[in-house]
Amino acid sequence: MELILIFFSAAIVNNFVLAYFLGICPFIGVSGKITSAFSMGMATTFVMTITAIVTWLIYHLLLVPFQLEFLQYVSFILVIASLVQFVEMFVKKVSQPLYRALGIFLPLITTNCAILGLALFMVLKDYTFIQGVVYGVGAGAGFTLAITVMAGIREELDLADVPKPFKGVPITLIVAGLLALAFMGFSGLISI
Amino acid sequence: MDATLLIAIATMGGLGFIFAGGLAIADKKLRVFEDPKIAQINELLPGANCGGCGYAGCYDFAVNVVSGKALVTGCPVGGEDCAHDIAAVMGVDAGASIKMLPRILCRGGNSEAVKKMVEYYGPLSCSAMAIVSGGDKQCYYGCLGGGDCVEACPFNAMVMNENGLPEVIEELCTGCGNCVKACPRNIIEMHPADRQVFVFCKNQDDPKKAKEVCSVSCMGCGICARKSDGGVVMDNNLAVINYAQFDSSKIPFDKCKTGAIGYLNKNEKVVIEIPVGESTSMEKELA
């Protein structure tokens with residue numbers, strides 16, 4: 001039960017993008033098309049899940065026993081950077097068009113605050129291993145949900161009669177704000 | 001030396017070692033061989049991603065050139081210079097390519113075409129007009145005047161003139177053909193730049209109606225076709241030039257009452273460079 005709560009807490013109530021405003025750059029940058037947005041979400045979910053697993057192991061089996069908590073950031077960044085490098089190689093091998101659609105935003109996951117944020121939150125909240133993994137999957141699912149919904153709206157926006165000064169980025173930012181407003185409606189539902 | 005320091009160094013070193021090793025293995029398994037020619041050709045291309053070549057973008061075109069599916073001359077925007085550079089990379093001969101330019105085959109502007117009794121109110125785009133009511137003009141074949149072609153041009157090479165017809169600024173036009181795709185009435189066609197004679201009408205109405213709806217329509221009298229030795233053929237009350245057998249000296253241009261067949265007007269729209277810092281007359285007016 002608690003695991004389910006953690007999942008929905010990370011995915012919806014405390015959505016990383018729309019409630020914490022972490023990881024905004026791919027959220028705006030790759031949300032032009034549903035397919036590429038969803039793929040970006042999947043890539044981020046993968047990195048988040050593995051990050052949660054590996055950083056938990058490193059933190060609790062290596063850093064805590066040796067009293068090396070001050071190496072938190074460096075070791076977490078190392079984990080994330082290696083994972084993103086691996087995902088990039090994998091995507092390039094599997095799908096060239098997707099690789100080009102994601103463009104610079106794929107390597108930018110390396111310094112995506114949503115992912116480092118995930119690792120640090122996990123330590124802060126003192127989750128067990130299973131809880132941490134569920135938290136990572138939930139955060140990834142929340143990111144995928146947010147970016148896909150955003151892409152869906154932006155695809156429809158292309159057909160809408162947007163006033164000239166608002167075309168492009170301005171209307172996108174307004175939509176992002178409205179989405180965040182909508183997600184605020186969930187706040188307080190789960191307090192975990 | 002302090003034990004913490006040693007442990008810290010060992011930990012980070014160990015972690016780095018493990019990850020670097022993992023990535024090295026992954027690199028071996030997942031390496032994608034990419035022909036360096038693709039990147040070279042991609043550099044040479046204009047990078048407008050206009051889709052004029054028929055591929056998804058400049059990079060896609062470069063991939064197809066290298067794999068032999070696309071011709072080295074396939075980029076209409078880059079023109080001859082670009083084709084030569086690409087041919088040099090590929091090690092083949094480009095040959096001569098003639099630039100293609102869009103020609104607007106309708107002269108029925110606001111002052112020539114007869115308007116409907118009712119006015120069109122709605123989105124000012126040709127595609128909307130074509131779906132809803134066919135625009136303001138009685139002619140169902142001519143230019144709608146909504147400017148979809150102007151909107152579609154990625155190079156700002158099209159303008160609407162005072163008469164409500166689009167004009168091509170040849171200096172800026174790269175021949176990508178986006179305007180051709182944007183026109184719901186198909187009145188824009190790509191032609192070699194040196195081609196001079198066109199039938200500036202697409203109206204297929206019967207002669208009486210064609211004359212009623214526009215003063216510069218092709219009525220389908222067929223006089224040009226009879227004299228042309230197969231250079232002009234009649235198709236549904238419309239003269240169509242068959243450029244393979246066309247000889248402009250045989251065409252009695254003065255016999256065409258509406259002037260639908262004729263020479264291309266010399267383009268007067270040119271690019272005027274405004275020195276940086278000086279304000280244009282329009283800006284002065286606004287000020």
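What counts as what
- Residues numbered from 1 in each chain as written.
- Chains lettered and ligands numbered in written order.
- Predicted model: local features only at pLDDT ≥ 70, side-chain atom pairs only at ≥ 80, totals over all residues.
- Heavy atoms only, no water.
- Helix = DSSP H or I, 4+ residues; strand = E, 2+ residues; numbered from the N terminus.
- Buried < 20%, exposed > 50% of the residue type's maximum accessible area, 1.4 Å probe, protein only.
- Contact = heavy atoms within 4.5 Å.
- Areas by Shrake-Rupley, 256 points an atom, 1.4 Å probe, with all protein chains shown as cover.
- Polar contact = N/O pair within 3.5 Å; in protein donor to acceptor, adjacent residues only side chain to side chain.

(A) A look at the overall build of chain B. Counting its regular elements, chain B contains 10 helices and 8 strands. Burial statistics for chain B: of 287 residues in total, 38% are counted as buried. Nonlocal contacts in chain B, meaning residues at least 24 apart in sequence, comprise 57% of its contacts between residues at least 6 apart. Accessible surface, chain B: about 16400 Å² in total, of which carbon and sulfur atoms supply 56%.

(B) Examining unusual backbone geometry more closely. Residues and elements named next belong to chain A. With phi around 55 degrees, F21 is a residue other than glycine that occupies positive phi space. Among the structural elements, F21 can be located in the loop between helix 1 (2-13) and helix 2 (24-29). Residue F21 is classed as partly exposed on the basis of its relative accessible area, which comes to 48%.

(C) Just the side chain of N203(B), in detail. All names here are of chain B. By the secondary structure assignment, N203 is in the loop between strand 5 (197-199) and helix 8 (207-213). Overall, N203 belongs to the buried group, its relative accessible area being 0%. At 2.6 Å, the side chain of N203 and the backbone nitrogen of D205 are in polar contact.

(D) How the structure looks around helix 1 of chain A. Buried within helix 1 of chain A we find I6(A), S9(A), A10(A), A11(A) and V13(A). Along its buried surface, helix 1 of chain A packs onto helix 7 (129-157) of chain A.

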